Amino acid sequence: MHKEDRYNSLIQYYAELNGFDFKLIKSQIWKESNFNPKAISSVGARGLMQLMPATGQEMGLSDFFNPEENIIAGIKYLKIQYQHFPEIPLHEEKIKFSLASYNGGRGYLNTAIKLSKKDNIDYTKWDNVSKYLSEELWPKNLVKPDFVQIIVYVNQIMLKFKSYT
């Protein structure tokens with residue numbers, strides 16, 4: 001069995017239970033940990049879905065390296081991010097915003113949405129808002145996000161998702 005398929009049944013069950021496409025969650029796990037349940041990032045994120053310790057605890061995760069627990073907690077966290085974007089009407093766009101928030105935090109996205117609204121740009125489209133997550137357009141007086149990381153994260157997951165479909 002290929003490593004990408006090892007957790008298919010778990011991913012499918014919990015993705016569908018939470019209203020997500022199985023291939024989307026599989027794409028996110030590919031990006032986060034390349035299906036390594038023992039993965040630890042340089043900043044301390046752990047497991048298949050690379051949850052930070054505080055986030056994992058908030059999601060009720062007790063064993064970061066247990067694939068099923070990590071998948072449940074990661075999907076739960078993504079669903080919370082998804083629910084935090086009621087202003088984004090289209091599902092595919094809301095998914096992109098949710099992934100960006102999962103990776104970089106909702107605060108940065110709030111600022112980018114606010115900036116795009118100020119410029120009368122359609123703030124419901126990820127491609128429009130993501131432009132505001134750039135060195136050139138980001139307010140100089142605010143803490144800067146890792147612009148490239150957030151945008152690449154979303155783009156790579158969406159490309160992998162499309163390759164699965």
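No experiment lies behind these values; they were computed from the predicted model shown.

**Student:** Any chance you could break down the overall build of the chain for me, citing the residues and the numbers?
**Tutor:** Secondary structure assignment for the chain yields eight helices and zero strands. Along the chain, helices (α) and strands (β) appear in the sequence α-α-α-α-α-α-α-α when read from the amino end. For 165 residues, the compact-globule estimate of 2.2 N^0.38 gives 15 Å, and the C-alpha radius of gyration of the chain, at 16 Å, lies within 12% of that figure. Within the span of the chain, comprising 165 residues, buried residues form 46% of the whole. In the chain, once contacts between residues fewer than 6 apart in sequence are set aside, the share between residues at least 24 apart is 50%. Averaging the coordinates of the 21 positive side-chain charges in the chain and doing the same for the 18 negative ones gives two points 2 Å apart.

**Student:** Summarise the pattern of salt bridges; cite the residues concerned and give the values.
**Tutor:** Applying the stated criterion across every chain, the model contains six salt bridges. Measuring nitrogen to oxygen at the nearest pair gives 2.8 Å for the salt bridge that ties Lys 26 to Asp 5. With Lys 26 in helix H2 (residues 22–33) and Asp 5 in the segment before helix H1 (8–17), this residue pair connects regions lying 21 residues apart in the sequence. For Lys 26, a relative accessible area of 5% gives the class buried. Judged by relative accessible area, Asp 5 falls into the partly exposed class, the value being 31%. Through salt bridges that share partners, Glu 92, Glu 93 and Lys 96 make up one connected network.

**Student:** Quick one: what's the story with the nonpolar core, residue by residue and with numbers?
**Tutor:** One finds Phe 20, Ile 25 and Leu 99 to be the most contacted residues of the largest nonpolar core, which totals 45 residues. Contributions of two or more residues to this core are made by H1, H2, helix H4 (67–83), helix H5 (91–104), helix H6 (106–118), helix H7 (126–130) and helix H8 (147–164). For this core, the element with the highest residue contribution is H8, accounting for seven residues. Contact partners of Phe 20, with chain neighbours within four places excluded, come to Ala 15, Ile 25, Ile 75, Leu 78, Lys 79, Tyr 82 and Ile 95.

**Student:** An account of the packing of H4 against H5 is requested, with residue identities and associated values reported.
**Tutor:** As a packed pair, H4 and H5 sit with axes 8 Å apart at the nearest point and diverge in direction by 115°. The way H4 lies across H5 gives a crossing that is right-handed. The segment H4 lies against H5, with Gly 74, Tyr 77, Leu 78, Gln 81 and Tyr 82 engaging His 91, Lys 94, Ile 95, Ser 98, Leu 99, Ser 101 and Tyr 102. Residue composition of the contact of H4 with H5, grouped by class: six nonpolar, five polar and one charged.

Calculation criteria
- Residues numbered from 1 in each chain as written.
- Predicted model: local features only at pLDDT ≥ 70, side-chain atom pairs only at ≥ 80, totals over all residues.
- Heavy atoms only, no water.
- Helix = DSSP H or I, 4+ residues; strand = E, 2+ residues; numbered from the N terminus.
- Rg over C-alpha atoms; globule rule 2.2 N^0.38 Å.
- Buried < 20%, exposed > 50% of the residue type's maximum accessible area, 1.4 Å probe, protein only.
- Contact = heavy atoms within 4.5 Å.
- Lys, Arg positive; Asp, Glu negative; His and termini not counted.
- Charge placed at Lys NZ, Arg CZ, Asp CG, Glu CD.
- Salt bridge = Lys/Arg side-chain N within 4 Å of Asp/Glu carboxyl O.
- Core = buried A, V, L, I, M, F, W, Y, C linked by side-chain atoms within 4.5 Å.
- Axes fitted to C-alpha atoms, helices over the stretch in contact; angles between N-to-C directions.
- Left-handed = near helix turned anticlockwise from the far one by under 90°.
- Nonpolar A, V, L, I, M, F, W, Y, C, P; charged D, E, K, R; others polar.

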